[in-house]
Amino acid sequence: MSAAASDPAALLATASEILDSAAPRFAEGVGAPSAVQKGRGDFATELDLELERTLSQELVARTGIPVHGEEFGGPELSSGTAWVLDPIDGTFNYSAGHPLSGMLLALVRDGQPVLGLTWLPLLDRRYAAIAGGPLLLNGKPMPALERGRLAEAMIGFGAFNIDAHGRIPGRFRFDLLGALSRLSSRVRMHGSTGIDLAYTASGVLGGAVVFGHHPWDNAAGVALVRAAGGVVTDLRGEPWSIMSRSVLAAAPGVHEQLLEMIDSAVDRAQEHDENSEGTQ
């Protein structure tokens with residue numbers, strides 16, 4: 001790795017140039033139809049594949065650092081150094097012509113993001129940060145997040161299907177949404193993890209509840225929130241790393257209240273399960 005490729009500021013500048021060069025193509029392709037089915041309700045467009053190839057080639061050529069992308073994979077991320085790329089975050093939004101979508105890029109070292117970039121070409125917003133801050137919006141430093149209260153905050157909430165099973169069942173997500181609505185009536189579902197986390201970092205949202213675990217969805221935004229002075233854990237309150245299975249990101253104060261709400265919801269779910277077993 002060259003000296004320039006080990007300098008965070010130089011890497012951030014290079015990555016910003018590469019994303020800037022792809023932004024016109026991103027904007028041009030809005031409304032692209034599904035091309036590759038990846039699972040229930042999940043797909044990629046041809047532009048996902050094109051952008052990942054183009055961006056990955058540029059990143060490797062200019063920094064010498066390998067890339068792990070959503071569509072084509074890459075090196076493992078718990079050790080070593082790699083770029084983590086999501087060429088189109090909010091794919092369903094993007095394919096439908098909805099402007100809440102973007103490009104996400106993070107530099108991860110030994111499981112932790114040290115750079116984060118969230119480019120929203122359709123909104124003319126570029127969020128970037130080096131670990132330690134500050135958060136940059138369109139190149140200008142943003143003030144650190146102030147301590148807040150859940151009752152006064154908007155909260156980004158991950159999408160769900162109430163009938164879904166798996167790591168975090170749909171029924172639990174539904175119950176969590178109900179509990180959250182009582183504490184903050186300002187809940188938002190944007191359909192883009194990158195936007196939820198960037199908006200949390202910049203103070204538009206007080207926090208974000210992310211049920212997904214994919215590193216390409218989460219790493220860039222985690223870097224942004226941390227750089228802005230926010231708190232990031234998983235939904236259990238454990239420190240976040242690239243291997244975490246969820247994200248809870250929020251301003252100081254709001255994070256503690258969100259975590260208390262989630263802990264209470266978990267306790268109620270466990271009590272319900274135990275009572276159900278007792279009646280069988």
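Everything below is about the structure shown above.
Being a predicted model, the structure only gives us computed values, none of them experimental.

Student: Can you help me understand the nonpolar core in this one?
Tutor: The nonpolar side chains of a soluble globular protein tend to be buried with one another. Membership of the largest hydrophobic core comes to 56 residues, with the highest contact counts inside it found for Ile155, Leu176, Val209, Val247, Val254 and Leu258. In terms of residue count, helix α6 (residues 215–227) provides more of this core than any other element does, seven residues in total. Residues Ile18, Ala23, Ala32 and Met103 belong to the second largest nonpolar core, which totals 26 residues.

Student: Would you take a moment to explain the pairing of strand β12 (residues 207–210) for this structure?
Tutor: Note on strand geometry: in a regular strand, side chains alternate between the two faces of the sheet. The alternating pattern of β12 places Gly207 and Val209 on one face and Ala208 and Val210 on the opposite face, and all of these are buried. Where strand β10 (residues 155–157) meets β12, three bridges bridge the pair, whose relative direction is parallel. The residue of β12 that forms the bridge with Gly156 is Ala208.

Student: When you look at the packing of aromatic side chains in this model, what are you seeing that I'm missing?
Tutor: Geometrically, a pair of aromatic rings is defined through the distance of the ring centres and the angle of the planes. Applying the stated rule across the entire model yields four aromatic pairs. Centroid distance Phe26 to Tyr94: 4.8 Å. Interplanar angle 55 degrees. Geometry classified as tilted. With Phe26 in helix α1 (residues 8–28) and Tyr94 in helix α3 (residues 91–96), this pair connects stretches of sequence that are 68 residues apart. Neither residue differs from the other here; Phe26 and Tyr94 are each classed as buried.

Student: When you look at α6 in this model, what are you seeing that I'm missing?
Tutor: The α-helix winds at 3.6 residues per turn, so residues separated by three or four positions along the chain end up facing the same way. Spanning 13 residues, α6 covers 18 Å between terminal C-alpha atoms, matching the ideal 18 Å at 1.5 Å per step. Taking burial as the measure, the 13 residues of α6 include 12 buried ones, the bulk of the element. Every buried residue belonging to α6 is among Pro215, Trp216, Asp217, Asn218, Ala219, Ala220, Gly221, Val222, Ala223, Leu224, Val225 and Ala227, and all of these are buried. A positive backbone phi angle near 95 degrees is found at Gly229, which sits one or two residues after α6.

Student: Sorry, what's going on with the sheet that holds strand β4 (residues 81–89) here?
Tutor: The strands making up a sheet are joined through hydrogen bonds of the backbone, oriented either antiparallel or parallel. Taken in spatial order, the seven strands make up an open sheet running β3-β4-β5-β6-β7-β8-β9, and their pairing is mixed. Whereas interior strands pair on both sides, the edge strands pair on one side only; in this sheet they are β3 (67–69) and β9 (140–141). Direction of pairing for strand β6 (residues 112–120) relative to strand β7 (residues 125–130): antiparallel, over a ladder of six bridges. Its bridge partner being in β7, Leu117 is matched across the sheet by Ala128. In this fold α1 packs onto β4, β5 (102–109), β6, β7 and β8 (135–137), with an angle of close to 30 degrees to the strand it touches most, β6. Sitting on the sheet, helix α5 (residues 193–202) touches β4, β5, β6, β7 and β8, and the angle it makes with β6 is about 105 degrees.

Student: Just to check I follow, could you spell out the pattern of salt bridges for this structure?
Tutor: For side chains bearing opposite charge, pairing can occur when the charged atoms are close. Inspection of every chain in the model, using the stated rule, returns seven salt bridges. In this structure, Arg25 engages Glu28 in a salt bridge whose closest nitrogen and oxygen atoms are separated by 2.6 Å. Of this pair, Arg25 and Glu28 both sit in helix α1, three residues apart, which is roughly one turn of the helix. Judged by relative accessible area, Glu28 falls into the exposed class, the value being 59%. Between Arg25 and Glu50 there is a salt bridge, with the nearest N and O atoms lying 2.7 Å from each other. Separated by 25 residues along the polypeptide, Arg25 in helix α1 and Glu50 in helix α2 (residues 46–63) bring together distant segments of the chain. Among the charged side chains, a network of salt bridges with common partners joins Arg25, Glu28 and Glu50.

Student: Teacher, can you tell me more about the packing of α1 against α2 here?
Tutor: Think of two packed helices as two axes; the pair is described by the angle between the axes and how far apart they sit. For the pair α1 and α2, interaxial distance at closest approach is 10 Å and the crossing angle is 155 degrees. By the angle class used here, α1 and α2 are roughly antiparallel. The crossing of α1 and α2 is right-handed. Facing Leu11, Thr14, Glu17, Ile18, Leu19, Ala22, Arg25 and Phe26 of α1, the residues of α2 in contact are Leu47, Glu50, Leu51, Leu55, Glu58, Leu59, Arg62 and Thr63. The residue inventory of the contact of α1 with α2, partitioned by class, reads nine nonpolar, two polar and five charged.

Student: For this particular structure, what's the right way to read unusual backbone geometry?
Tutor: Most of the time, phi is negative for any residue but glycine, and the peptide bond is trans. For the bond from Gly133 to Pro134, the omega torsion is 5 degrees, close enough to zero to count as cis. Along the polypeptide, Pro134 turns up in the loop between β7 and β8. Despite not being glycine, Asp110 shows a phi value in the positive range, around 50 degrees. By the element assignment, Asp110 lies in the loop between β5 and β6. By relative accessible area, Asp110 is classed as exposed at 54%. At Asn138, a position not held by glycine, the phi torsion is positive, near 50 degrees. Along the chain, Asn138 falls in the loop between β8 and β9.

The rules behind these values
- Residues numbered from 1 in each chain as written.
- Predicted model: local features only at pLDDT ≥ 70, side-chain atom pairs only at ≥ 80, totals over all residues.
- Heavy atoms only, no water.
- Core = buried A, V, L, I, M, F, W, Y, C linked by side-chain atoms within 4.5 Å.
- Buried < 20%, exposed > 50% of the residue type's maximum accessible area, 1.4 Å probe, protein only.
- Helix = DSSP H or I, 4+ residues; strand = E, 2+ residues; numbered from the N terminus.
- Pairing = 2+ DSSP bridges.
- Phe/Tyr/Trp six-rings, centres within 6.5 Å; stacked < 30°, edge-to-face > 60°.
- Expected span 1.5 Å × (residues − 1).
- Contact = heavy atoms within 4.5 Å.
- Axes fitted to C-alpha atoms, helices over the stretch in contact; angles between N-to-C directions.
- Salt bridge = Lys/Arg side-chain N within 4 Å of Asp/Glu carboxyl O.
- Parallel < 35°, antiparallel > 145°, perpendicular 65-115°, else oblique.
- Left-handed = near helix turned anticlockwise from the far one by under 90°.
- Nonpolar A, V, L, I, M, F, W, Y, C, P; charged D, E, K, R; others polar.

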